[in-house]
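What follows is each chain in one-letter form.
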Amino acid sequence: MVVTITFAQAQIVSGIVTSTDQMPLIGANVLVKGTNIGTITDIDGSYKIDIENVENASLEVSYIGYITKTFPVGGSLKLDVVLEEDSEVLEEVVITGYKKEIKSNVSSAITSIKTKDIENLVVVGIDQAIQGQAAGVQVTQVTGAPGDDIKVRIRGTGTFGNNDPLYVIDGVPTTGNINMFSPSDIASIEILKDGAAAAIYGSRAANGVVLITTNRGKSGKPSFVFEGYTGLQQSVGLPKLLNSADYLTIRNEAIVNANVHRNPANQISTYDPAILKDLPDTDWLDLVFNPAMMQRYSLSASGGAENGRFYMSGEYLNQDGVYQGQGFDKYQVRFNGEINNDWFRVGNSLSFSHTFRDIINSSGDGFGPGNQPSGIRYALIAAPVVSPTYPDGTQLNTTSELDDPVLYGDGNPNPVAFNDHTSWTQSRHRVFGNVYAELDLLPSLSLRSTLGGDFLFENEKLFVERLSPAIYSPTALTEGRVFNRTLVWNNTANFQKEFYGNRFSTLIGMEAIQNRTDYLGASANNFTRTDPLFRYIDASNPLDIKNVGASGIATEWALLSYFGQVSYSYKSRYVINATIRQDGSSRFGENNRWGVFPSVSAAWNISNEAFFQGIEAISSLKVRGSWGQLGNQEIGVYPFSSLVSNGDKVYVFGNNVVTGASIVETGNENIKWEVSTQVNLGLDMSLLKDRLSIVADVFDKTTNDILVRVPIPQAGGSTRPPFVNAAKIQNRGLELGLIFKDRIGQVDYSVGANFSTVRNKVVSIADSEPILGGYGLSDGALTRTEVGQPVGSFYLWQMEGIFQSQEEIESSPFQTNFTSPGDVKFADLNNDNVIDDKDRAHVGNPFPDFTYGVNLSLNWKGFDLSTLVQGVEGNDIYFLYGNFAYETQARGFNSYADILNRWTPENTNTDIPKVSLDDRNGNRRISTRFLEDGSYLRFRNITLGYNLKEILKWSTVDRCRVYVTAQNAFTFTSYPGLDPEIQANANDTRGLGISSDLAVGIDWGTIPAPRTFIGGIQIKF
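Since the model is a prediction, treat every value here as computed from it, not as a measurement.

Explain the overall build of the protein residue by residue, including any values.
Assigned secondary structure in the protein consists of 11 helices and 49 strands. Here the protein has a C-alpha radius of gyration of 32 Å; the compact-globule value for 1021 residues is 31 Å, and the two agree. Considering only C-alpha atoms, the protein reaches an extent of 140 × 80 × 65 Å along its principal axes. Across the 1021 residues of the protein, 54% fall into the buried class. Taking the intrachain contacts of the protein between residues at least 6 apart in sequence as the baseline, contacts between residues at least 24 apart amount to 70%.

Here it is as structure tokens:
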């Protein structure tokens, strides 16, 4: 007898698991049916598995949110699998940093915004796509000027310096402007809000992290998407100013009231109303605000095959400003590609963009280093009795040409002439992206190396033509060029394994970042020709060496990091995640260059427990908690080192003239990281068969060792004081998000809402005086940051009312010797019977009590309707322009028409004091008189669309949607300024060289966001 024993040889079967829309499914379970042999798919949905009996084996493939299926192998070594969605339990994939994760295994606070959430909303920039969509995230426009920046704050203000979040676009981190990218390219936006979610980014994540993933190609036939729209923008909410007749009435009354306290030699005469027949009645706001057009076009193409995919797109945006002289243009192209075989892939994400802005300063008054005069402010205060031109048609430059400062103004410019004489442009070119290579070393282990770069070329040019000896004199040109280069190299190893319900994954990696910024500036004046062809440095006439200036400097910084992350889950019930990152930054001295940032988080999917299966009302229930520490290196480039200025001191020794140097800023080699410690508790729940989803979070975010400048002894000279780690800020809050989706007949609809509240408090500022900010007109700082108060708290006198009689004045605390009926009555807070600087107090908070957003989506028979509403409640705004809106000046400035309700002996029931050229009582001092409620509710977007596909019957067209949109359609607010949506301005820190939130919510007069009506089309074929 011969016995033959045959051993089956194991063979490797591989493939890709995708969804029906050809998206790869990460973490899908692939099991050889009837055995314990299995694996999980990697980041691209691919898998490899050893099978001994290929001919008779079957693979059982499962993925949360999809229907489990069994596929016979049939001897094939290549088996691609397509899973169908289970609509009742569909699971969302979330980008968590350097990897992806299914939502049920996420144990930290992450808000995810997908393409489907914003595809029907018409937005100009990516930041607008975030606004109102995420709890705990406040997005605020700086001004309504086209192309202007938008500020994003995640869970409050955590430092006295830079509070901007870190943006990571396709794996490349940046803190630069994200509006140079196209919203049409966005596949998803993830906002990492708590310490555990953001800890993988360590020292740059204290202000939160925004992950942006762009579209990539899919296998299958090529797909093209075209979108084009055009729109009309209108200014809204402009105030009603005094016309010429009312202006003259108020001026005369102000003169009479001023003469009461003037000696006879200084008294002036009132104006005869008969002069009105010879005076113009100019509506300056009507001259500088006009309807403006905008248009945007984008085209994308995507496709590929099994071993290669691509996505490419182009965008053009043109937006004129509703305010004269403003405009914005953007050009952007993108190419994302990937080529792969069974075990190796290479790819790239690359974009090139160019933007060009025409700028007229939109806020402020030019006060402080580097600040320019504001065109809108000049338009608001220009007297209506002034004409923009002389009778012969030539342009008036300034009111000093009219020789009557009380009536016309004392030299403020003609607003139209000011805009015409300002040529301020900003041109940017940016190359941004990465290339990568990824190797599947084992079925469960992949290695990835990525090289990324951010190259920004910026040219800013300001040419101003002389208007008068006081304004734009002499004609001058200032030009600056900046080349900012950032290189990023990271390497990761990602291991994932699942066995007997245990799912284990680990990620280790390193990252090196190097930045160099080169600045080159030049200035010149004394230009003979001022037309555009001669607005160059060489066209000036250098009569004196002082007429030409030049400057140049380069800065560098680098960051070296090592990080690791371990995740474990058991049967999708219990999840735990731990992360640690070590960063070494050149921005700190050698003693404190390295920092370690750990985190841990855990989640319990209660609804996956056996005892929970009978509860039908609750579809899913998860509780989670996290703790993590994050760092902040956005503190300047060389704060550890003293800065020295050369050549500004000249000395004579005998017959020799030599130059010296001086210290302009004192360094501190012992400064260390600002560290934010965050604790988060969260709840994720779905009810009514997943029709209602609820996400709730409570958090405590405390930042220690915040850098502040501590005053140095007077013997130290006039240098700026050094930074020291001396402060602590706490933010505590609650976030709530709701989404309800259902279908009634043929109508599909969804309603989403989010709500968040944050309480900000300065806990300590060791060895330092209160920090002042928000420098107003002449009364010093408006804000005072100190212990027990929020950052940038308003520190003001308190208005109690208006004095009605001399007897009331005499029985009240002393204000001035000139106080009279009709003047403002201020509160005596310290009860010393004198109104002075000791009676100021913290009386206003620039941060809202809560923020909210509501979005509605309806679909019916090809029609779609979407609405986005966003608002804030409870914040205070200091209406600094109120010094002009509700007052008269010795100079001929206009006011709001509301001033007609000023106090007079016949009109005592008012909160506007009497008018006077002289403010002898200090009615205009910084007080609660100008502190306003900044709450608002704004309909950001209302869009109605219709898909023409069924009507056109084009077999080659998948979608042909036409739509109309209204942006900023309605705003409900009691705020009297041009726009309640106010952020910080450049007048906040008196040139201390920091970007901060020390002066949020101060309104100098700001160009408002326009209302825009848009018509467009989207075609997919």
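For the pattern of salt bridges, give the residues involved together with the corresponding values.
On inspection of all chains with the given rule, the structure shows 54 salt bridges. Where Asp164 meets Arg153, a salt bridge forms, and the shortest distance between an N and an O atom there is 2.8 Å. Placement of Asp164 in the loop between β12 (150–154) and β13 (166–169) and of Arg153 in strand β12 is noted, with a sequence separation of 11 residues between them. Classification of Asp164 as partly exposed rests on a relative accessible area of 22%. What you see here is one network of salt bridges that share partners, running through Lys78, Asp80, Glu306 and Asp342.

Explain the UniProt feature "domain: TonB-dependent receptor plug" (unreviewed entry) in the protein to me, and be specific about the residues and the numbers.
Residues given the UniProt feature "domain: TonB-dependent receptor plug" (unreviewed entry) here are residues 104–209. Annotated as 12% helix and 28% strand, the span residues 104–209 places its first and last C-alpha atoms 21 Å apart.

With reference to specific residues and values, describe the nonpolar core.
Core analysis: the largest hydrophobic core is formed by 74 residues, its most contacted members being Phe289, Tyr323, Val385, Tyr878, Tyr881, Tyr896 and Ile1002. Per element, the largest residue contribution to this core is six residues, and it comes from helix α4 (residues 244–259). Not counting residues up to four positions away in its chain, the partners in contact with Tyr881 are Leu241, Leu380, Ile381, Asn894, Tyr896, Asp1003, Trp1004 and Gly1005. Of all hydrophobic cores here, the second largest spans 29 residues; its members include Ile130, Ile154, Tyr167 and Ile191.

Can you break down the packing of aromatic side chains residue by residue, with the values?
Summed over all chains, the structure comprises 33 aromatic pairs. Measuring from ring centre to ring centre gives 4.5 Å for Phe457 and Phe483, while their planes differ by 10 degrees; the resulting arrangement is stacked. With Phe457 in strand β23 (residues 445–464) and Phe483 in strand β24 (residues 476–499), this residue pair connects regions lying 26 residues apart in the sequence. For Phe457, a relative accessible area of 39% puts it in the partly exposed group. A centroid spacing of 5.7 Å and a plane angle of 75 degrees characterise the contact between Phe879 and Tyr975, whose relative ring orientation is edge-to-face. Highlighted residues: Phe879 in the loop between β44 (876–878) and α10 (882–885) and Tyr975 in the loop between β48 (971–973) and β49 (1011–1020), separated in sequence by 96 residues. The pair formed by Phe879 and Tyr975 is uniform in burial state, with each residue classed as buried. Among the aromatic side chains, those forming a connected cluster through ring pairs are Phe879, Tyr881, Phe884, Tyr886, Phe893, Tyr896 and Tyr975. In this arrangement the basic side chain of Arg448 is found over the ring face of Tyr436, its NZ or CZ atom lying 4.0 Å from the centre. The ring of Trp797 has Arg925 lying over it, and the distance from NZ or CZ to the ring centre is 5.1 Å.

Describe the environment of Lys728, naming the residues involved and giving the relevant values.
Positionally, Lys728 belongs in strand β34 (residues 723–744). Not counting the four nearest positions on each side in its chain, Lys728 is found in contact with Thr702, Thr703, Asn704, Ile706, Lys761, Val762, Val763 and Ser764.

If you had to explain the sheet that holds strand β7 (residues 81–83) to someone new, which residues and values would you point to?
Across the sheet, which stays open at both edges, the three strands sit in the order β4-β1-β7 with mixed pairing between neighbours. Every other strand in the sheet has two partners, leaving β4 (46–51) and β7 as the edge strands with one partner each. Taking each pair of neighbouring strands and ignoring which way they run, the sheet shows an average axis angle of 30 degrees. By the bridge criterion, three bridges tie strand β1 (residues 11–19) to β7 in an arrangement that is parallel. Paired with Thr18 across the bridge in β7 is Val82.

A description of the sheet that holds strand β3 (residues 38–40) should follow, citing residues and the corresponding values.
The strand order β3-β2-β5-β6 describes an open sheet built from four strands, whose pairing is antiparallel. The open sheet is flanked by β3 and β6 (69–72), the only strands paired with a single partner. Across the sheet, the axes of successive neighbouring strands diverge by a mean angle of 20 degrees, strand direction being ignored.

How would you summarise unusual backbone geometry if you had to cite specific residues and measurements?
Along the chain, Ser473 connects to Pro474 via a cis peptide bond; the corresponding omega equals -5 degrees. Mapping Pro474 onto the fold places it in the loop between β23 and β24. Positive phi is not limited to glycine here, since Asp403 has a value of about 65 degrees. The residue Asp403 is located in the loop between α6 (375–381) and α7 (405–408) in this model. Since its relative accessible area comes to 67%, Asp403 is described here as exposed. The phi torsion at Leu688 lies on the positive side, around 55 degrees, for a residue other than glycine. Position of Leu688 relative to the elements: it lies in the loop between β32 (674–687) and β33 (692–709).

Before we move on, could you go through the pairing of strand β47 (residues 959–967) and cite the residues and values that matter?
Regular strands show a simple pattern: their side chains alternate between the two faces of the sheet. Pairing analysis gives seven bridges linking strand β46 (residues 936–947) to β47, with the strands arranged antiparallel. Looking at β47, one finds that Leu944 is bridged to Val964. Looking at chain direction, β47 and β49 are connected through nine bridges and run antiparallel. Of the residues in β49, the one forming a bridge with Val962 is Ile1017.

Got a sec to walk through a nonpolar patch on the surface? Specific residues and values, please.
Side chains of Phe499, Tyr500, Phe504, Val566, Tyr568, Ile576, Val600, Trp627 and Val679 sit close together on the surface and give an oily, nonpolar patch of about 780 Å² of accessible area. For Tyr500, the location among the structural elements is in the loop between β24 and β25 (502–525). Classification of Tyr500 by relative accessible area gives exposed; the value is 60%.

Go over α4 with me, naming the residues and quoting the values.
For α4, built from 16 residues, the straight-helix expectation of 22 Å at 1.5 Å per residue is met to within 8% by its first-to-last C-alpha distance of 22 Å. When you tally the buried positions in α4, you get 12 out of 16 residues, the bulk of the element. The complete set of buried residues in α4 reads Ser244, Tyr247, Leu248, Ile250, Arg251, Asn252, Glu253, Ala254, Ile255, Asn257, Ala258 and Asn259.

Describe in detail the side chain of Thr450, supporting the description with residues and values.
Among the secondary structure elements, Thr450 is positioned in strand β23. Owing to a relative accessible area of 7%, Thr450 belongs among the buried residues under this scheme. Not counting chain neighbours up to four residues away, the residues in contact with Thr450 comprise Asn434, Val435, Tyr436, Val488, Trp489 and Asn490.

An account of the confidence of the model for the protein is requested, with residue identities and associated values reported.
Keep in mind that low pLDDT regions are not for reading the predicted coordinates in detail. On average, the protein scores 89 in pLDDT, and the residues at 70 or more come to 94%. No element of the protein has a lower mean pLDDT than strand β30 (residues 643–653), at 70, and none a higher one than strand β40 (residues 824–826), at 97. Low pLDDT, under 50, characterises residues 1–8; the stretch is placed with one contact to residues that sit more than four places away or in other chains.

Residues and numbers for the side chain of Asn668, please.
Tracing the backbone through its elements, the reader meets Asn668 in the loop between β31 (656–665) and β32. Judged by its relative accessible area of 16%, Asn668 falls in the buried class. Here the side chain of Asn668 touches Asn670 through a polar contact of 3.0 Å, landing on its backbone nitrogen. Contacts of Asn668, omitting those with residues within four sequence positions, involve Pro639, Phe640, Ser641, Pro722, Phe723 and Val724.

Any chance you could break down the environment of Ala696 for me, citing the residues and the numbers?
As for its position among the elements, Ala696 is in strand β33. Judged by relative accessible area, which is 18%, Ala696 ranks as buried. Along the backbone, Ala696 and Val623 are 73 residues apart, and their C-alpha atoms lie at a distance of 9.6 Å. Those residues in contact with Ala696, other than ones at most four positions away along the chain, are Arg624, Leu681, Gly682, Leu683, Glu735 and Leu736.

Reading the values: rules and limits
- Residues numbered from 1 in each chain as written.
- Predicted model: local features only at pLDDT ≥ 70, side-chain atom pairs only at ≥ 80, totals over all residues.
- Heavy atoms only, no water.
- Helix = DSSP H or I, 4+ residues; strand = E, 2+ residues; numbered from the N terminus.
- Rg over C-alpha atoms; globule rule 2.2 N^0.38 Å.
- Buried < 20%, exposed > 50% of the residue type's maximum accessible area, 1.4 Å probe, protein only.
- Contact = heavy atoms within 4.5 Å.
- Salt bridge = Lys/Arg side-chain N within 4 Å of Asp/Glu carboxyl O.
- UniProt positions renumbered as here; feature names shortened; annotations may be inferred.
- Core = buried A, V, L, I, M, F, W, Y, C linked by side-chain atoms within 4.5 Å.
- Phe/Tyr/Trp six-rings, centres within 6.5 Å; stacked < 30°, edge-to-face > 60°.
- Lys NZ or Arg CZ within 6 Å of the ring centre and 35° of its normal.
- Pairing = 2+ DSSP bridges.
- Axes fitted to C-alpha atoms, helices over the stretch in contact; angles between N-to-C directions.
- Patch = residues over 30% accessible without salt bridge, like charges linked within 9 Å, V, L, I, M, F, W, Y side chains within 5 Å.
- Areas by Shrake-Rupley, 256 points an atom, 1.4 Å probe, with all protein chains shown as cover.
- Expected span 1.5 Å × (residues − 1).
- pLDDT = per-residue confidence, 0-100.
- Polar contact = N/O pair within 3.5 Å; in protein donor to acceptor, adjacent residues only side chain to side chain.

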